[in-house]
Structures are given as structure tokens and as C-alpha cells.
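# Tertiary structure, described
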2 protein chains.
Amino acid sequence: MDGDVPLIDVETAAGAIAEDATVLTSGFGSVGYPKEIPLALADSDRDLRLTIVHSGNVGDEIDVDLVESGAIERRFSYQSTRVARSATNRREIAFSDRNASSIGDEVQYGGMVDADVAVVEAVAVGEGWFVPSTSIGQVPAFVDAADELLIELNHRQPLGLQSIHDIYRPESPPNRTPIPLTGPGDRIGESYVEFDPEKLIGVVETDRPDSTYTFRDPTDDDLAIAANLRSFLSEEMERSAVFDDAIHLQFGVGSLGNALMGELQELDFGDRDVVYYGELIQDGLLDMIDSGRLESASATSMAFTAEGQRRLFDDIDRYAEDIVLRPADVANHPGLIDQFGVVGVNSAIEFDIYGNVNSTHIGGKRMVNGVGGSADYNRNSLISVCALPSKLAGKDISRVVPMTFHVDHTEHDIDVFVTEQGVADVRGCSPVERAERIIENCAHPSFKPKLQSYLDDVRSQSNHIPHDVERAATWHDN
Amino acid sequence: MDGDVPLIDVETAAGAIAEDATVLTSGFGSVGYPKEIPLALADSDRDLRLTIVHSGNVGDEIDVDLVESGAIERRFSYQSTRVARSATNRREIAFSDRNASSIGDEVQYGGMVDADVAVVEAVAVGEGWFVPSTSIGQVPAFVDAADELLIELNHRQPLGLQSIHDIYRPESPPNRTPIPLTGPGDRIGESYVEFDPEKLIGVVETDRPDSTYTFRDPTDDDLAIAANLRSFLSEEMERSAVFDDAIHLQFGVGSLGNALMGELQELDFGDRDVVYYGELIQDGLLDMIDSGRLESASATSMAFTAEGQRRLFDDIDRYAEDIVLRPADVANHPGLIDQFGVVGVNSAIEFDIYGNVNSTHIGGKRMVNGVGGSADYNRNSLISVCALPSKLAGKDISRVVPMTFHVDHTEHDIDVFVTEQGVADVRGCSPVERAERIIENCAHPSFKPKLQSYLDDVRSQSNHIPHDVERAATWHDN
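Residues numbered from 1 in each chain as written. Chains lettered and ligands numbered in written order. Predicted model: local features only at pLDDT ≥ 70, side-chain atom pairs only at ≥ 80, totals over all residues. Heavy atoms only, no water.

## As for the pairing of strand β1 (residues 22-25) of chain B
Residues and elements named next belong to chain B. For clarity, the cut-off: Between buried and exposed lies partly exposed: a residue is buried under 20% and exposed over 50% of the maximum accessible area for its type, with that area taken using a 1.4 Å probe on protein chains only. By the criteria applied, helices consist of DSSP H or I runs no shorter than four residues and strands consist of E runs no shorter than two, each listed in order from the N terminus. Should DSSP find at least two bridges between two strands, the strands are regarded as paired.
Across the two faces of β1 the burial is the same, with T22 and L24 and V23 and T25 all buried. Pairing of β1 with strand β5 (residues 117-126) involves three bridges; the strand directions are parallel. Residue pairing across strands places T25 opposite V119, the latter belonging to β5.

Structure below.
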């Protein structure tokens, strides 16, 4: 660390944040977020009314402690704890759910907030630069947008993380030039984030560990979904010349996503390159790298188990040959997802018979986590796959419904639906044809007759998308 | 025209199309579509079961005559006549509504159809090349995707159109490189589309005119919306340094869009460049070019009145200095809309109090036209504006509703709502805050109390997005 860097204690750092400040934090995939300053803010007896902005989920120091302290008045854009979710649903915190790819631009140029201070975690810091820790997210945009900067230098995180970072800063619109990335494994930037040294209030040292993920062991449903997905991918690689030399994949985060990544090993990719161009790297991908089956993996953060994180940290230089972490405005960039012809695989809460997908609000009302980067991939992938179990585990609730009452991904977005029951490839289908395939191939047998009866009844209408909204509403009530 | 080009009569051309063929046609903005071959197909007594694919709307020869003949079994992706709309809603034609930016890739690489023959209109044709006429759309992708090619050489269209075309072909994924466009006025391609001469069945000559648009004169509501939009843009240019040197605008097509473009002349842009980066050029933009107020205009087609088209044709070389027509996968490209920091202004059927927008299906059921390129701009613009009158002209129907039952643009997409009543800038707002602003600033006075009462009643719920779906459904029934 450069000798000129002003070390300060955490109380001084927290005290430098105004009571009604807009605070932009690092953190994505529940890692790489600041920990000490949020805890000090949570412990403060000041009358805080903060706006907290981050581009992906953060750990308990923000998502539980700071939330419970009542210090947050407004928040963007993802949460993943019971405490935070509950505060959002009670509307004690004003929450706005943004897309991971564009929240940086919205903050820096789009007039979404008036950005006061960025608070970021780093593994190294010097005069006008720092090396981010375990995630990048929208940190570079946040640092440029904010008037001031606070850095948490986390000694628990290995300095070797710098070898997996590739920080490229797109120019400001309207003179932004195309991002010069020609492959997910390319490096086009630096291992550090630059900042205006005048903005730096100070650096707080810590050795608090990141949160890590706990994933369930793959269930029978997970394995059946993985097998159905493999069979779809296998046919698709056979069908389309676009995948002859390489296939670029993305998987949404979670236990299912992790299981799908892990089970991909079973698929015969032939001699084509397998490349990951996604938002998050999970344990399953390390297995693919170790077996030499994955060419490279690009993401903006990692969602590892404790064991996965240890594997990476213990062998970071080797993994850095294949793994690149980028800012979210590059990793999730619509134009780049398009360039690489990504096959995106994302889960959701539910989808409806016509192919609309709800990934955020139960019954259209109760927020779960947030849209994250799922819309970036669902909208821009060459082939978008929505994969989930056909019913809620252990409950009598179908995840295939007549009508979703919150839509995060429209009928124009998704090409293929996969459940443990089968695959509904709806490309080129009209809405009613989609409904037929989705009910036939994806619905759980215990709900299939009821869904079929809905479709049979409404199709007497002379409408492009026949619906009985009141009846569809009672489905959710039951 | 090259002497080797095989001229054929229209019956031979139509006869070369198999009864169950998938036919990819040119046409966008109801211009530049093939006319003679569709009419010959409509007149044929063969048992045709065609799949017709185009990237934007086409004229009556397809949208009325061919539809009425019963020759179309399946169709993508936009329609704009009563006849076509009715066939779609009766589900006599299987219709799938796709985004204008990506339907080319979906056809060429995405497995949406098995493309048999492309039928395109041109103003010049030679060995392995043709010059498109009044629109580009996804023609280059369609020509590459199809096994065979038929060309209609339209002598009615001026050859000078070649001077406004800039045909750039993105490579195939996954080795697609960034599109090297650094400004909307740039030229990065050729004035012609290349094709494999082996594909060419023949060339049919015609002098049938294009359809042109008829726009109503601006209504009082149109003018009030324009004034509210100007006042928003004016404040935004004051607020944000990102617009200091230039502002890039896009407007959706239609009478309102045309009025908004025309009324933009009244806005004081200071000394910044005004640039149009959109999908369609309308008459209003010619006024801006004539007055020297518009730096350049990029689009994939034009939606002119007969008078507007004559103005362009009479002075095409002068207009070609400022107007560029591009393929829709460039004009509507998510990454380019992002690069230029576009302010996109699009209309819709209705929006709901939480900011979801329905631009295609009345009551969630009855298809009007199609999503077109609106989702490309709404999702990727730096600032997305949804502008429409607060109620249906001359009817007691609010266009601000409690809940839309078809969502084309999600709550994550739109930043600002504008009606003749006012402006609701919902950036950074939670769903309930959005509802407050939308009801207060955008709803028509005759519906405001009812919308407010809905919000007042549901907000007792402990939900992030409080809703009473059954009550929201009865709103549409009434």
C-alpha cells in the first residue's frame, strides 16, 4: 500500500457520511461489499436516512444489520435476506429494482440519484487507484459518479484477486465507442479501478470475511432439469452451425444454477470450445475448469460456497488463466451477449402458459430478491432458456400458471422452457401454441388438467391471447 | 442493371414458391416491401400454407390481399391493417410477435424458422448485389438465411435511394465483432446488399407505388403532450452534463410521434447537436433537417406521408447528407442505443400505475399491431419516455390503469411518463411512489379519483407492489 494513503478509523469514516447521504457500495453476489463502515453506521445513534445503491446483492452487514438499524430510507437494487425482503415488502424501505447492466449508467448519467459517496472494498490501494476484492459490479461507475470515496482495505481477501480483474471503463455517452471485447477470455482493461485522489476521504482496514453461499445438494428435480437441459443443448448443437466451433453459456445463480453448471460435465460437447459469459461464477464452473472442459469464464462476481472460495483462493494464479471478472456494464452488456450468441439459462418464480416470466414478485405483489441481471441475459441471448421445477418443492403450488401478475421477462424474450417434466421449445410459436407446448411438456401432472381446462375454456374467445383474468387471479388465491 | 440478371414474369416467380414455404420479405414502416409476387400468390388457386416473415409492417398487398386470400398459415412479426389484425385475433394466422432488432438473428441463427425464400424489393440489381428501396429492416439477414431469392425491381422508386443506404453486416456469433459505428451519421458499409448469385431465382419488374402514411393533424392533446415533453427535455438538458454537447433522440412511429417530432422545433436546444438515432424517419424530421436544426438522422426505414415521400424523393441527394438507413440489427442494436445515450420516446396502448407498459394487446388479449422496435429503445435508452394521451380520444377509457394485463415493457424499463396532463418522472422511485406520481401527474381528471381510490385501498397490504388483481380486472371490464 502506498504510504500516502490516509488510514482512518471506522468511526471517522462513518461519521463522514451525511445523515441523508446517497451511498454507492461495492458488492455483487453477496461478496466484495464493504463491511466495517455499514456496521458502524448500523451502530450509530444518528438519525440516518440513507439511500443505499449497489448493483447486486451484498452480505449481512448491509442486508441485515444496516437494514435492521432503520438507517436505510431508500435502496437499489437487489436483496437476498429475509430481513431485507421483509422491510421491502412492508415498504419501510423504498426499493427500486433495476437491471444489473445499466444501474451504473443510471446512477452516473441517468439522473436516478444524486451520488454523494462511494464505499468500496479493496485488496490494495494507492494514489488514485485500488484493486477491488471478490466482485466488480458497477464499482467503477459508482466511483466516478460519487463526490467522495471511502475504501475498506480487506486483508482477509487475497491480493492475487488482482490477477482475475479486467476493469474496462466505457466512455460517457454519446461519444461512447464500442467495447473492444472480441471474446470472453480477452483482457481489455486494468486490474485496478482509477479514482480522482481528491475524492478519497480515507481508507479503513479490516479482515472481516465475505459471506459465502450455501447450496443444497442437487435434488431429483434439479437432476431431471439438468438432464432435460442437456438433451435440449445436445439437439441444438446438432441443429445449428452457429455452435459448431464454440458454445457460450450463462447460468443464473442459485442452487439450481449451481447444479446445472455441475451437471454440464455429463454433456458431450464434442470438440467445440465451451465458454462461459455470465454474471456470476459458481462452484460448478471450477469443476469444468479443472477438468479442462471450459475454455474461459467471464463474469462480474462469484457466488461460491466456502469450499469453492477456498479452492479459488488457494490456486488463484492458475484459475486466473481462465477466469476474468469485469464490471457489470461489460459482463452483462446487451451488445456483448449478442456478439457471443450466448445460450442463457435462468430460473424464475413462475412462468405462464403464454411464456411470460415472473422472477421477482410472488403473486405479482411480494418481492423476493430482484431482477438482477436475468433480464440482461433473457433479452439479449441468442437462445434464452427459463429453467425451474414445475412446482414448489414440498408444496401444492404450480410454477406454471395461467397468467403471471408481474412480468420481468415478456413473451418476446424466452425461447425455451425447461422443467423436470420436459422441454417446451416455443420458438416460432403463436401464444396459444406456446400454451399447448408448455402445458404438455412442462406442467406438473397434478396441475396439467387444470391448466388444460383453463386453456380449453378461454380458447373459444376470438383473441390473440385468450384469457380470463378473474379466473387466472383466483388460481393464485387458491 | 446487369445484363446477366434473369428477368422472369410474376407468375413464374410466384410459382417457384412452394405451397408450404417460409417466405422472408423486405418491408418496414409499410414501405420497401415486395408487391407483385404477394399479389400473384394471393390470386393463385394453389393450396398455399405459407409462413411469412418480415421485420416491420408491410403494405396492403401483403397485409390485406395476401391475408384475405387465406394463403398465410403463420406470420411474424408486425401488422397494421384491420384485416390482418382481425385474422391474428381470430387466430386464423399463427402470429408471433418479435423484437425488430433481433428477428434477423432469430431467423438466421436462432432456429425460429427454416427459411426457404427471401422476396425483396430493390431499385437496382446486378450479379450478386441489389440496392434495397425505401426500407432496409432485416433484409440482409433474411437474404443470407434463405435458400433462394426473388427480387422485385421497382422502377417507381428512385435509384437515388442508394445514397441513403449504409448496409453493414455483423458477423455470425460467436465471433461477431463490435459494430464499428461511432456516431449515427457514420457510414460503415455499402449501399447494396450482397447475395450468393446461386440463390437468385429471378427478378420481377414493377412500378407499383409504396403505401404511404396518413397522419392526423396534431390534436390539442398531441400539442399538450409535446409541450410537456419539451419542458421535460429542457430541464434534463439543464440538469445533466451528458447532454452538453449533443442530444440523441428517438421517436416511435404514428400520428403522435410525428407531431412530437414536428413540435420539437419549438424547443431551444442551445448550441448542442441534435441527432436522431431511431427506427423510422417521419415528416417531422424533414422539417428539422430543412431548418438546419438536426445534425443527422439514422433509421432503418421511413414512415412518410405522400407529401413527405415526395419531398425526400425530389431532393434525395441533399437529404442523403443527413439521413442514413441501416439494417434493423444496426439501427435498433441495444449496444448502439446504449453508446449514444439515446432519449427514446415511444407511445403505447396503456400503462399502469406502477409503470408497466402494454403496447400490443387491448385488455391483455386483443392484438393491435405488434411490439416492433419499441422494446429495443425502451430497454436500452439512457432515458426512456412513454408518451400518450391519458384517455382514449372521444371515449370514456383511461389509458392509465391499475394493472396492465399484457406487459411489453416492464417496470424496470421506463423512466418518465408523459400525458397531456403532465410529466411523471419516476426515476429512483419505488413502485408505490411511481403510482403516486403517475396518478397525480398523468391521469385524466375524470379517472384520477378512481385510480387514487384503488391505490389508497391496496396500500394497506404489506406488499412491495400492493394489488387487488380481481378489482384491477373489473376496471378493464367496465
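What follows picks up the thread again.
## Here we look at the nonpolar core
Definition in use: As used in this record, nonpolar core signifies buried Ala, Val, Leu, Ile, Met, Phe, Trp, Tyr and Cys residues forming a set joined through side-chain atoms within 4.5 Å. By definition, residues are in contact when any of their heavy atoms lie within 4.5 Å.
V107(B), F130(B) and I151(B) are the most contacted members of the largest nonpolar core, which has 78 residues in total. Beyond its immediate stretch of four places on either side in the chain, F130(B) contacts V120(B), A122(B), A124(B), V125(B), V139(B), V143(B), L149(B), I151(B), Y192(B), V193(B) and F195(B). Among the nonpolar cores identified, the runner-up in size contains 77 residues, and V113(A), I151(A), V193(A) and F232(A) belong to it.

## A closer look at the relation of the copies chain A and chain B
Test applied: The superposition of copies rests on a least-squares fit of C-alpha positions from residues with pLDDT of 70 or more in both.
By a simple turn and slide, chain A fits onto chain B: the slide is 0.0 Å along the axis, the RMSD is 0.0 Å, and the turn is 180 degrees. Look at the turn and shift together and you get a two-fold axis relating the two. For chain A, the residue whose C-alpha comes nearest the rotation axis is G335(A), separated from it by 2.2 Å.

## Some points on the interface of chain A and chain B
The following threshold applies: Summed over both partners, buried area is the accessible surface (1.4 Å probe) that two parts give up on being assembled. Salt bridges are defined as contacts in which a side-chain nitrogen from Lys or Arg sits within 4 Å of a carboxyl oxygen from Asp or Glu. We define a polar contact as two N or O atoms separated by no more than 3.5 Å, with the added condition that, inside protein, one atom must be a possible hydrogen donor and the other a possible acceptor, whereas residues neighbouring each other in sequence contribute only through side-chain atom pairs. For this classification, Asp, Glu, Lys and Arg are treated as charged, while Ala, Val, Leu, Ile, Met, Phe, Trp, Tyr, Cys and Pro are nonpolar and the rest, including Gly, are polar.
Counting from both sides, the interface comprises 84 residues of chain A and, opposite them, 84 residues of chain B. Buried area between chain A and chain B, both sides added, is near 6800 Å², and the carbon and sulfur share of it is 49%. Considering only the side of chain A, the residues that lose the most area to chain B are R91(A), H412(A) and H464(A), jointly responsible for 11% of the buried surface there. If you look at where chain A meets chain B, you find eight salt bridges. A salt bridge links D376(B) to R379(A); the shortest N-O distance between them is 2.6 Å. Across the chain A-chain B interface, the total number found is 52 residue pairs in polar contact (both at pLDDT 80 or more). Per-element tally for the side of chain A that touches chain B: the top contributor is helix α17 (residues 469-477) of chain A, with five residues. Its residues assigned to classes, the side of chain A that touches chain B shows 28 nonpolar, 32 polar and 24 charged.

## Observations concerning the sheet that holds strand β10 (residues 246-251) of chain B
All names here are of chain B. Heads up, the rule is: Note on geometry: axes are C-alpha line fits, over the in-contact stretch for helices, and angles between N-to-C directions span 0 to 180 degrees.
What the eight strands build is an open sheet, ordered β15-β13-β11-β10-β16-β21-β23-β24; its pairing is mixed. What marks the edges here is a single partner per strand, and that holds for β15 (323-325) and β24 (423-425). Ignoring which end each strand starts from, the neighbouring axes of this sheet average 20 degrees apart. Relative to β24, strand β23 (residues 416-418) runs antiparallel, the two being bridged by three bridges. From the neighbouring strand, V418 faces β24, where its bridge partner is V423. Its contacts with the sheet place helix α8 (residues 255-263) against β10, β11 (273-277), β16 (343-346) and β21 (383-387), and it is angled at close to 155 degrees to β10.

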